Amino acid sequence: MENKAIPYGRQNITDEDIQVVIETLKSDYLTQGPKIEEFEVAFAKYVGSKYAVALANGTAALHLCALALDVKKGDKVITTPITFAASANCIRYCGGEVVFSDIDPETYLLDINKVRNLLEASPKGTYKGIVPVDFAGRAVNLEEFRALANEYDLWIIEDACHAPGGYFTDSKGEIQNCGNGKNADLAIFSFHPVKHIASGEGGMITTNDKDLYQKLLMLRTHGITKDAGLFQNTMDFAAGVENQSAYPGWYMEMQTLGYNYRLTDFQAALGLSQLNRADEGIIRRREIALNYANAFKNKPFIKGQSDSVEGHAYHLYVIEAEDRVGLYNYLREHKIFAQIHYIPCHLMPYYRDLGWKEGDNPLSEDYYKYCISLPMYPTLSDKEQTFVINSINNFYIG
Ligand SMILES: Cc1ncc(COP(=O)(O)O)c(C=O)c1O
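Residues numbered from 1 in each chain as written. Predicted model: local features only at pLDDT ≥ 70, side-chain atom pairs only at ≥ 80, totals over all residues. Heavy atoms only, no water.

A. Fine view of the overall build of the chain. When helices and strands are tallied, the chain shows 14 helices and 16 strands. Seen through its principal axes, the chain has C-alpha atoms that stretch 85 × 55 × 45 Å. The proportion of buried residues among the 398 residues of the chain is 54%. Entry remark: accessible area of the chain is about 18000 Å², with carbon and sulfur atoms responsible for 51%. Placing the 38 positive and 51 negative side-chain charges of the chain at their respective mean positions leaves the two points 3 Å apart. (Helix = DSSP H or I, 4+ residues; strand = E, 2+ residues; numbered from the N terminus. Buried < 20%, exposed > 50% of the residue type's maximum accessible area, 1.4 Å probe, protein only. Areas by Shrake-Rupley, 256 points an atom, 1.4 Å probe, with all protein chains shown as cover. Lys, Arg positive; Asp, Glu negative; His and termini not counted. Charge placed at Lys NZ, Arg CZ, Asp CG, Glu CD.)

Structural data, given as structure tokens:
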């Protein structure tokens with residue numbers, strides 16, 4: 001059968017999405033216009049946080065989180081090896097030291113017990129923070145991580161790039177949305193095209209902490225503020241003449257070393273339009289996950305899989321498969337472009353150069369030998385998914 005290429009993930013751009021981008025391009029604003037705030041307000045409402053800050057991409061969001069939390073040279077921060085490099089790199093941008101701690105092989109998430117062991121093995125104050133990742137869209141139990149972080153006076157950045165719309169249920173039976181700011185100090189999201197919400201490039205930080213929020217706004221735009229309530233120089237200096245009772249209209253101050261990490265208004269318009277369909281996207285992702293889970297249950301060639309899990313946002317659907325290289329190549333021959341998430345971050349040459357080596361995180365390394373991410377996106381049709389499942393069965397059973 002001559003099928004069209006099936007990627008592991010892809011964006012879905014509708015005519016309505018295109019229309020709102022065109023309207024924004026025809027408006028007075030290209031960057032930092034009204035769509036930015038609309039997107040931020042709508043996104044904060046979607047995840048249930050007080051504040052949201054739109055940014056150029058998820059990596060910029062991570063960098064600003066590390067800056068806002070004052071990560072400095074030598075500060076030790078814990079994260080998982082099974083993530084995209086940016087989750088760790090943000091700490092390095094600020095001169096901090098990344099400590100990779102192993103995963104739970106059932107959930108593929110940072111194992112809290114291993115993190116506890118690390119913390120207990122060193123004097124209090126050794127570590128500054130934790131970056132748990134809602135890998136593949138599965139929500140980390142941040143209530144448990146918060147309790148541990150409180151014992152050791154640590155901050156938490158939740159990397160929720162894979163999990164807008166994901167949640168876990170806390171010990172009181174209450175649903176806690178990824179990025180709602182209840183347990184993590186800051187959470188970050190990405191709007192890269194393979195993610196749930198696509199804006200080309202794009203990112204968001206959510207938080208419930210007003211001070212951090214204000215810091216982030218400044219850091220996003222060169223460390224500049226236009227808020228007269230925050231100005232440090234005198235009105236006389238600002239105006240260039242004596243006895244002033246107000247700051248002149250043009251005046252602004254650069255108070256800290258910031259960046260240009262702004263999102264454009266037309267990207268925000270696209271993100272907002274996509275956000276309106278986020279719920280239906282998640283419903284479809286969960287249906288696809290259930291189909292895979294049923295198809296691969298008790299199959300001898302499948303060692304593990306993402307499975308059907310409540311609250312999972314299914315950015316990815318991972319199976320752990322025997323002869324993973326053979327399967328990957330076979331699927332490619334049939335134009336099914338599966339992908340691998342992730343090569344353990346601590347074994348990237350950059351981190352090897354910093355001293356990390358094979359055997360440091362054995363469960364992540366074992367997971368890497370078998371993992372393969374199958375096609376997962378809302379517009380994947382039933383027919384295409386059946387073709388993927390049949391192709392996998394054919395590879396093993398013939
Ligand atoms: C877990 C995770 N963190 C951070 C990022 C960085 O996001 P961006 O590509 O928008 O910079 C990604 C994106 O791939 C990611 O998957």
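B. Broad picture of the nonpolar core. Counting 119 residues, the largest nonpolar core has F135 and I319 as its most contacted members. No other element matches helix α10 (residues 278–296), which puts eight residues into this core. When neighbours within four sequence positions are excluded, F135 is seen to be in contact with I82, Y108, L109, H162, L316, V318, H341, Y342 and Y367. (Core = buried A, V, L, I, M, F, W, Y, C linked by side-chain atoms within 4.5 Å. Contact = heavy atoms within 4.5 Å.)

C. Here's a closer look at the site of the ligand. Neighbouring the ligand are 15 residues, the closest being G58, T59, D159, H162 and S190. T59 places a polar side-chain atom, nitrogen or oxygen, 2.5 Å from an oxygen atom of the ligand. Contact distances for the ligand include 2.8 Å between an oxygen atom and a side-chain N or O atom of H162. Summarising the interface, the protein chains cover 92% of the accessible area of the ligand, which totals 390 Å² for the free molecule. Listed by contribution, the elements that provide at least two residues to the shell around the ligand are α3 (58–68) and α4 (86–93). Residue composition of the shell around the ligand, grouped by class: five nonpolar, eight polar and two charged. (Near = heavy atom within 4 Å. Polar contact = N/O pair within 3.5 Å; in protein donor to acceptor, adjacent residues only side chain to side chain. Nonpolar A, V, L, I, M, F, W, Y, C, P; charged D, E, K, R; others polar.)

D. Here's a closer look at the environment of S373. Among the secondary structure elements, S373 is positioned in strand β16 (residues 371–374). Taking the C-alpha atoms as reference points, S373 and R284, 89 residues apart in sequence, are found 17 Å from one another. When neighbours within four sequence positions are excluded, S373 is seen to be in contact with Y8, L316, Y317, V318, A338, Q339 and H341. Within the structure, the side chain of S373 is placed 2.7 Å from the side chain of H341, a separation counted as a polar contact.

E. Broad picture of the sheet that holds strand β4 (residues 97–100). Strand order in the open sheet formed by seven strands is β2-β10-β9-β6-β5-β3-β4, with mixed pairing between adjacent strands. Two strands in the sheet have a free side with no partner beyond their single neighbour: β2 (51–55) and β4. On average, each strand axis in the sheet is tilted by 25 degrees relative to the strand beside it, whichever way the strands run. Sheet topology note: the strand β3 (residues 76–79)/strand β5 (residues 127–131) ladder contains four bridges and is parallel. Looking across to β5, one finds that T79 is bridged to V131. (Pairing = 2+ DSSP bridges. Axes fitted to C-alpha atoms, helices over the stretch in contact; angles between N-to-C directions.)

F. Examining the packing of aromatic side chains more closely. All told, the structure shown has 23 aromatic pairs when counted by the stated rule. Ring geometry for F43 versus Y46: centroids 6.4 Å apart, planes at 50 degrees, classification tilted. Of this pair, F43 and Y46 both sit in helix α2 (residues 34–47), three residues apart, which is roughly one turn of that helix. Side by side, F43 and Y46 carry an identical accessibility label, which is buried. Joined through ring pairs, the aromatic side chains of F39, F43, Y46, F189 and F191 make up one cluster. (Phe/Tyr/Trp six-rings, centres within 6.5 Å; stacked < 30°, edge-to-face > 60°.)

All quantities given are derived from atomic positions and should not be read as evidence of function.
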